[in-house]
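Close look at the chain arrangement
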Amino acid sequence: MDTATGTPHGVSQTKNSAFAMLLLVSSGLCVVYETMPRSALAETTTGVKPYHIPAQALSTALTTFGQQAHRQVSVDPKILSGHQSAALNGNFTEQEALARLLAGSGLTGRVSGNVVSVSTTSSITLGPVRVGGTLAHQDPTGPGVGYFAENTMAGTKTDTPITEIPNSIYVITKQQMVDQQPQNVMEALRYTPGVYAEALGTSNSGSADNQNNAGGGFLQRGFSSMQFVDGLQTNSESAGETSFLERVEVINGPASVMYGQTSPGGLIGMNLKKPTDVPLHQVSLGFGNWGRYEATLDISDKITKSGNLRYRIAAIGDTQGTQTDYAKYHRVGVLPSLTWDIDSKTSLTLIGSYVYTPGDGTYSAGYPAHGTLLPGEYGRIARSTFLGEPNWNETAVKSAMFEYLFSHDFNKYIRFEQTFRWEKSKSASRLLSLSGGYDATHVERTPMMQDIGNTTIGMDARFTGKIKTGPLSHTWVVGIDFRKYDVSLGYQYDYTQGDNLIDIYNPVYGSYTPCYGYSSNCSDFGGKSTFSQFQEGLYFQDQIKYKGLSILLGGRNDWVGNTNYIRSIDGTDPSNGVTVTNSKTRYANQSAFTWRAGLIYNFKFGLAPYFSYSTSFVPQQGFDVNGKTFSPLTGKQIEAGLKYKIPETDVLLTASAFHIDENHYVITDPNNTQFSADAGRVTSKGFEVSAHANITKNIHIVASYSYTDAQYTKTNLTTRQIYTNGYTISRGEAISQKGKYVQSVPRNMASIFVDYSLPSEALKGFGVNGGIRYVGFTYNDAANSFKIPEYVLFDIGARYDFSQTFPVLKGLQAQLSISNLTNKYYVTSCTTNACYLGQGRRVYGNLTYHW
């Protein structure tokens with residue numbers, strides 16, 4: 001069956017492509033497994049390489065040594081105090097270089113595998129301590145090492161190895177983001193299993209960062225996702241500025257027990273940059289197609305001589321066009337932070353940010369199905385086509401945030417941690433949106449203006465500790481959190497100029513004259529809505545260990561109250577003749593108990609099978625066409641899987657199978673598109689496999705495959721199926737949604753990305769990388785009327801470290817990244833009114849200098 005004309009019966013035509021991609025990823029996983037014992041495990045420290053380290057404090061010299069040797073450094077900073085190192089320039093083995101740095105200090109060093117240990121001559125065994133950007137025990141909120149992260153706070157709010165958590169957690173490390181150069185969080189998630197982050201199309205979402213406010217652009221296991229920053233839910237329009245992030249974490253599956261209101265699909269967690277323990281100085285200049293120019297700054301240093309007071313400043317300035325004419329992106333932002341180690345047991349970190357985006361690069365109107373998904377009378381609509389008006393096309397955003405993180409150890413058994421954040425953002429849009437009516441060559445547009453403001457105050461406070469009961473070890477958490485959220489939305493539509501048509505193949509722009517103000521000269525209609533909500537939760541968790549067995553038990557109760565919705569509209573809508581009056585709605589107070597239980601067993605050879613059950617709860621906003629409020633979303637998941645960390649390596653392989661049921665899944669009402677409707681129960685089931693691996697110090701890999709089968713399994717809703725008659729779209733008889741696939745959810749996704757630093761002396765300093773992304777077909781609506789075709793994209797990149805050839809240029813690196821190398825034209829998703837185009841070939845390069 002032709003995917004362009006689309007019926008829900010053409011499933012078989014994509015099986016070969018899906019199988020090919022699955023075979024590709026499976027081969028990649030085999031390469032990871034087979035390569036490790038013969039390369040990384042056999043790798044020794046006998047190789048000679050050049051080092052260029054100036055005379056300086058020994059602590060800084062060791063950090064530089066770890067970076068140049070690509071090794072983790074384990075050392076107690078106290079034993080380094082007062083020591084200086086001599087300059088090191090020349091070719092040495094790692095052990096020789098280390099010995100020269102430590103000469104005269106009375107300290108000894110040893111290179112073992114991927115770890116460099118430094119100790120006193122008495123050979124006292126040191127605990128794992130963070131030194132700059134290299135770790136022996138990885139910081140669970142830090143950048144990770146290469147493409148591998150061993151520990152995380154995500155999912156448990158305790159410092160826990162990923163292999164001891166019985167559910168799916170994936171970490172996008174700082175190095176992966178540096179190598180792939182994502183310009184927003186959507187792009188950073190491209191190689192993550194179970195996540196479809198660009199359903200709304202990068203071209204139509206521009207460089208937008210936060211998809212919570214764009215109708216659920218992030219989909220996890222078939223469900224709209226939510227974003228969290230440093231463990232607290234965010235609604236900031238600029239929360240995902242990648243130059244401000246240390247890492248991105250993905251929890252697939254329900255996470256309500258620890259985080260409150262989250263969908264059963266999971267959540268996206270981000271960790272902001274914070275002051276480092278040793279100095280960090282970095283600046284970069286970027287450039288790219290569509291007139292992109294960018295500058296970033298990242299500086300961290302100590303304020304006091306002892307280093308107990310440290311600061312960090314990250315900043316960005318960016319200007320560019322986009323693949324769509326007249327859609328521009330401009331941004332300036334700053335993220336200052338300060339850490340004060342009050343004493344050996346108490347620490348306080350203060351973070352602030354301000355981001356101003358006078359043009360967010362969005363073109364949210366979309367395109368008609370004819371000329372994108374379906375054949376057009378004059379062929380395909382160009383990606384550069386702009387269907388608005390140049391003089392009425394602006395979306396400006398301002399965001400401000402303040403956050404603090406406090407911790408105090410009462411003793412070795414009890415620790416207190418608290419995170420608080422206040423954030424506020426405002427956006428103002430002036431644009432023309434597609435209003436649904438079109439013929440073979442024209443679309444109908446409606447001018448509008450919209451202003452959105454939201455303020456969020458959130459806090460999470462918890463006690464954690466470790467105790468023993470006989471042979472059992474317990475890591476326990478008891479906490480409370482709250483969130484106060486207020487949002488206001490003002491909007492107005494201008495119907496003065498009637499249908500306001502534009503030719504989709506040869507757009508001719510008039511100088512649009514706004515006509516707003518409810519005067520006799522204008523035919524406009526609008527209103528204002530406000531929404532406020534207060535949520536609080538009390539949660540507990542116990543991680544129980546007995547030898548290799550880890551059991552996770554947790555529960556939470558949420559209370560949601562003081563929820564108000566006020567709509568201020570009084571008049572007749574010219575578009576449909578419906579008279580609307582002011583309304584106020586106060587939702588009933590809601591509460592829910594969610595829980596989870598899981599177990600995982602770690603065998604000594606690295607394999608860890610697990611099983612878990614978890615539930616979720618999300619109160620819902622809005623009301624249906626009859627004015628009835630929606631019941632809260634409630635979900636439950638069963639998950640089983642395997643995690644395999646190859647011993648003495650930085651290689652983590654995972655596989656999981658899941659089954660999720662969610663009740664009261666809300667969709668756009670198919671018969672009244674200005675309202676939502678309760679679609680009943682949706683079931684999502686499938687499996688995921690992934691690899692995050694530093695195969696050697698020169699080869700890093702991420703790979704994944706996801707299968708997601710999301711269907712409407714219990715519903716009373718019906719939908720009129722759409723079909724085409726020439727270049728006209730018509731609606732047929734109403735059919736039941738039961739058994740249909742959920743729209744915009746790909747059944748199959750696969751990806752692999754490899755980064756390789758060339759070892760050859762002739763090419764020393766060069767690195768190359770490349771990736772392949774496959775996204776399977778989706779449907780446009782709940783009737784499965786049209787099938788959006790699958791697509792395969794290719795990404796490549798290269799970099800050069802000038803210091804490897806020119807020591808005088810130490811710290812200077814050039815990089816180039818290209819996404820969608822073949823410039824493939826593809827559609828990411830469609831609705832009943834519009835289709836969204838994916839991003840064409842994007843070229844981004846930068847020069848980075850760090851000292």
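Position labels on residues start from 1 in each chain and follow its written sequence. Predicted model: local features are reported for residues with pLDDT of at least 70 only, side-chain atom pairs are reported and counted for 80 or more only, and whole-chain, interface and lining totals are derived from all residues. Water and hydrogen atoms play no part in the side-chain values, which are based on all heavy atoms of the structure.

**Comments concerning the overall build of the protein chain**
If you tally the helices and strands in the protein chain, you get 7 helices and 51 strands. Think of it in three bands: with a 1.4 Å probe and only protein chains considered, a residue is buried below 20% of the maximum accessible area for its type, exposed above 50%, and partly exposed in between. Here the protein chain, with 851 residues, has 55% of them falling under the buried criterion. Any pair of residues with heavy atoms lying within 4.5 Å of one another is described as a contacting pair. Across the protein chain, contacts joining residues at least 24 apart in sequence account for 68% of those joining residues at least 6 apart. Accessible surface for the protein chain amounts to roughly 33700 Å². Of this, 57% is attributable to carbon and sulfur atoms. Helix and strand labels come from DSSP, where a helix needs a run of H or I of at least four residues and a strand needs a run of E of at least two; each type is numbered from the N terminus. Throughout, the Shrake-Rupley method with a 1.4 Å probe supplies accessible areas, and for residues the shown protein chains are the sole cover considered.

**Concerning the state of the cysteines**
For this text, the term disulfide refers to a pair of cysteine sulfurs within 2.5 Å. Within the structure shown, the criterion is met by 2 disulfides. There is a disulfide in this structure between C515 and C522, and the S-S distance comes to 1.9 Å. Here C515 and C522 share a disulfide; its torsion about the S-S bond, -90°, makes the bridge left-handed. Like C515, the residue C522 is buried in the burial classification. C830 shares a disulfide with C835; S-S distance 2.1 Å. Note on the C830 and C835 pair: the S-S dihedral is about 110°, so by sign convention the disulfide is right-handed. Residue C830 shares its accessibility class with C835, and that shared class is buried. Across the protein chain, the way the bonded cysteines pair up, counted in sequence order, is 1-2, 3-4.

**Some words on helix 2 (residues 58-69)**
With 12 residues, helix 2 extends 16 Å between its outermost C-alpha atoms, agreeing within 8% with the 16 Å of an ideal straight helix rising 1.5 Å per residue. Among all positions in helix 2, only L58, A61, L62, T63, T64, F65, G66 and A69 are buried. By this rule the span expected of a helix is its residue count minus one, scaled by 1.5 Å.

**As for the side chain of Q320**
Looking at the element boundaries, Q320 is found in strand 20 (residues 309-320). The buried category is assigned to Q320, whose relative accessible area is 4%. The definition of a polar contact used here is a pair of N or O atoms within 3.5 Å, where within protein one atom must be able to donate a hydrogen and the other to accept one, and adjacent residues in sequence count solely through side-chain atom pairs. At a separation of 3.3 Å, a polar atom in the side chain of Q320 contacts the side chain of R842.

**Re the nonpolar core**
One finds L189, V248 and L272 to be the most contacted residues of the largest nonpolar core, which totals 25 residues. Counting only elements with at least two residues in this core, the list comes to strand 10 (168-172), helix 5 (185-188), strand 16 (245-252), strand 17 (266-272), strand 20 and strand 22 (346-360). Contact partners of L272, with chain neighbours within four places excluded, come to V229, D230, F244, L245, E246, L335, I351, M401 and E403. Here the nonpolar core consists of buried residues drawn from Ala, Val, Leu, Ile, Met, Phe, Trp, Tyr and Cys, with membership extended through side-chain atoms lying within 4.5 Å.

**Quick notes on the sheet that holds strand 16**
By definition, two strands form a pair when at least two bridges between them are found by DSSP. A sheet is described by the order of its strands in space; here 5 strands give the open sequence 10-16-17-14-15, paired in mixed fashion. Edge positions in the sheet fall to strand 10 and strand 15 (232-233), since each of these pairs with one other strand and no more. One ladder, built from 2 bridges, connects strand 14 (residues 226-229) with strand 15; its direction is antiparallel. Looking across to strand 15, one finds that F228 is bridged to Q233.

**A look at the pairing of strand 14**
Within a regular strand, side chains alternate between the sheet's two faces. Of the two faces of strand 14, the one lined by M226 and F228 and the one lined by Q227 and V229 are each fully buried. Bridging between strand 14 and strand 17 involves 4 bridges; their strand directions are parallel. Bridge pairing in strand 17 places V229 opposite M270. Where strand 14 hands over to strand 15, the hairpin turn is made up of 2 residues, of which D230 adopts a positive phi near 50°.

**A look at the pattern of salt bridges**
A pairing counts as a salt bridge when a side-chain nitrogen of Lys or Arg comes within 4 Å of a carboxyl oxygen of Asp or Glu. Using the criterion set out here, one finds 32 salt bridges in the structure. E198 is the partner of R190 in a salt bridge, and the nearest nitrogen-oxygen pair spans 3.2 Å. Relative accessible area serves as the criterion here: at 17%, R190 is assigned to the buried category. Judged by relative accessible area, which is 10%, E198 ranks as buried. The partner of R773 in a salt bridge is D795, with the nearest N and O atoms 2.9 Å apart. Note that R773 is positioned in strand 44 (residues 766-775) and D795 in strand 47 (residues 791-801), a separation of 22 residues in sequence.

**Structural notes on a nonpolar patch on the surface**
Residues qualify for a patch when their relative accessible area is over 30% and they have no salt bridge, like charges being joined within 9 Å and the nonpolar side chains of Val, Leu, Ile, Met, Phe, Trp and Tyr within 5 Å. Together, V478, I480, L538, F540, W559, F593 and W595 make up a nonpolar patch on the protein surface, roughly 680 Å² of accessible area in all. When residues of the nonpolar patch are traced back to their parent elements, those giving at least two are strand 26 (472-494), strand 28 (524-546) and strand 33 (590-601). Structurally, the position occupied by W595 is in strand 33.

**Considerations on the side chain of K273**
Position of K273 relative to the elements: it lies in the loop between strand 17 and strand 18 (280-288). A distance of 2.9 Å separates the side chain of K273 from the backbone oxygen of S243, its partner in a polar contact. Not counting chain neighbours up to four residues away, the residues in contact with K273 comprise K174, S243, F244, L245, E246, D298, R312, A314, L335 and S337.

**A few points about the packing of aromatic side chains**
Pairs were defined over the aromatic rings of Phe, Tyr and Trp, the Trp ring being its six-membered one, requiring ring centres within 6.5 Å. Orientation was assigned from the angle between planes: stacked under 30 degrees, edge-to-face over 60, tilted for the rest. By the definition in use, this model includes 30 aromatic pairs. For the pair F416 and F463, a centre-to-centre distance of 5.0 Å together with 50° between the ring planes defines the contact as tilted. With F416 in strand 24 (residues 414-438) and F463 in strand 25 (residues 442-469), this pair connects stretches of sequence that are 47 residues apart. The class for F463 is partly exposed, based on a relative accessible area of 37%. With a centroid separation of 5.5 Å and an interplanar angle of 20°, the aromatic rings of Y849 and W851 are classed as stacked.

**Concerning helix 3 (residues 94-102)**
Within helix 3, burial applies to E94, A97, L98, L101 and L102. For helix 3, the angular spread of the buried residues around the axis is 130°, confining them to a single face. Along the arc lie the directions from the helix axis toward the C-beta atoms.

**Let's talk about the packing of helix 2 against helix 3**
Helix axes use the C-alpha atoms of the stretch in contact, all axes being lines fitted to C-alpha atoms, and the angles between their N-to-C directions lie in the range 0 to 180 degrees. Packing of helix 2 against helix 3 brings their axes to within 11 Å, and their N-to-C directions diverge by 170°. In terms of orientation, helix 2 and helix 3 fall into the roughly antiparallel class. Packed against helix 2, whose contacting residues are L58, A61, L62, F65 and A69, the element helix 3 presents E94, A97, L98, L101 and L102 at the interface. Residues are sorted three ways: Asp, Glu, Lys and Arg are charged, Ala, Val, Leu, Ile, Met, Phe, Trp, Tyr, Cys and Pro are nonpolar, and all the rest, Gly among them, are polar. Here the residues of the contact of helix 2 with helix 3 are counted per class, giving 9 nonpolar, no polar and 1 charged. Should an angle fall under 35 degrees it is called roughly parallel, over 145 degrees roughly antiparallel, and 65 to 115 degrees roughly perpendicular, with every other angle called oblique.

**Structural notes on unusual backbone geometry**
Even without being a glycine, Y326 presents a positive backbone phi close to 70°. Positionally, Y326 belongs in the loop between strand 20 and strand 21 (329-343). Take Y326: its relative accessible area is 41%, and that puts it in the partly exposed class. For K547, which is not glycine, the phi dihedral falls at a positive 55°. If you trace the backbone, K547 turns up in the loop between strand 28 and strand 29 (549-568).

**What to know about the sheet that holds strand 13 (residues 223-224)**
One open sheet holds the 3 strands; their spatial order is 11-12-13, and the pairing between them is antiparallel. Either end of the sheet is taken by a strand with one partner, and the two such strands are strand 11 (195-196) and strand 13. Note: strand 11 against strand 12 (residues 219-220), 2 bridges, orientation antiparallel. Residue V195 lies in a different strand from strand 12, and its bridge partner there is Q220.

Scope: geometric values only; no functional claims are made or implied.
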